[in-house]
Amino acid sequence: FFTRFLRRYAGRFRGKSACLDQSIALRQFLAEIGIASVLKIGVKRQPFAAHAWLEINDVPVLEANHVKRDFVCFDSLPEGTIALLNPALSKLNL
């Protein structure tokens, strides 16, 4: 149920439900109910892939724990910088 809800919620922002869209939507939803989270964006080499997810207290949300082992994270993005990725998100407090 929650995954379906998340995909619909993510669709409000960009129209597709890629990992970044879902992470941004989930972060907004959690913020609305008072739960702080951290957006993580990482890459891996073999095979090359990029991925975005959320963490609460250093624990991945709706992800397997191996995501932290498989992907090397960029520095966490501070509050308010998500809008730089998509100007349409500038109204949101992400």
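The present account deals with the structure reproduced in this document. All of these numbers come straight from a predicted model, not from anything done at the bench.

1. Re the overall build of the protein chain
- Tallying secondary structure elements over the protein chain gives 3 helices and 4 strands in all.
- Going from N to C terminus, the protein chain has its helices and strands arranged as α-α-β-β-β-α-β.
- By the burial criterion, 34% of the 94 residues in the protein chain qualify as buried.
- Taking all contacts inside the protein chain whose residues are at least 6 apart in sequence as the whole, residues at least 24 apart take part in 40%.
- Total accessible area computed for the protein chain in this model is approximately 6200 Å², and 57% of it derives from carbon and sulfur atoms.

2. Here we look at the pairing of strand E2 (residues 49-56)
- Where strand E1 (residues 38-44) lies against E2, 7 bridges are found, and the strand directions are antiparallel. Paired with Ile41 across the two strands is Ala52, which belongs to E2.
- Across 2 bridges, the pairing between E2 and strand E3 (residues 59-60) is antiparallel. From the neighbouring strand, Glu55 faces E3, where its bridge partner is Pro60.
- Remark: 2 residues form the turn of the hairpin made by E2 and E3, two consecutive strands paired antiparallel; Asn57 in that turn has positive phi of roughly 55°.

3. Here's the deal with unusual backbone geometry
- Pro47 follows Gln46 through a cis peptide bond whose omega is -20°.
- Within the secondary structure, Pro47 sits in the loop between E1 and E2.
- Notably, Asn57 is not glycine yet its phi reads approximately 55°, a positive angle.
- Here Asn57 lies in the loop between E2 and E3.
- One non-glycine residue, Asp58, lies in positive phi territory at about 65°.
- Counting through the fold element by element, Asp58 comes out in the loop between E2 and E3.

4. Some words on the pairing of E1
- A loop of 4 residues connects E1 with E2, the two strands running antiparallel in sequence.
- Here E1 runs beside strand E4 (residues 72-73); their pairing, made up of 2 bridges, is antiparallel. Along E4, the bridge assignment pairs Val43 with Val72.

5. Brief notes about the nonpolar core
- Core analysis: the largest hydrophobic core is formed by 7 residues, namely Leu26, Phe29, Leu30, Leu39, Ala52, Leu54 and Val61.
- Of all the secondary structure elements, the ones that give two or more residues to this core are helix H2 (19-32) and E2.
- Residue contributions to this core peak at 3 residues, all from H2.
- If we skip the residues at most four places from it in the chain, Leu30 touches Ile35, Ser37, Leu54 and Ile56.

Parameters and conventions
Residues numbered from 1 in each chain as written. Predicted model: local features only at pLDDT ≥ 70, side-chain atom pairs only at ≥ 80, totals over all residues. Heavy atoms only, no water. Helix = DSSP H or I, 4+ residues; strand = E, 2+ residues; numbered from the N terminus. Buried < 20%, exposed > 50% of the residue type's maximum accessible area, 1.4 Å probe, protein only. Contact = heavy atoms within 4.5 Å. Areas by Shrake-Rupley, 256 points an atom, 1.4 Å probe, with all protein chains shown as cover. Pairing = 2+ DSSP bridges. Core = buried A, V, L, I, M, F, W, Y, C linked by side-chain atoms within 4.5 Å.

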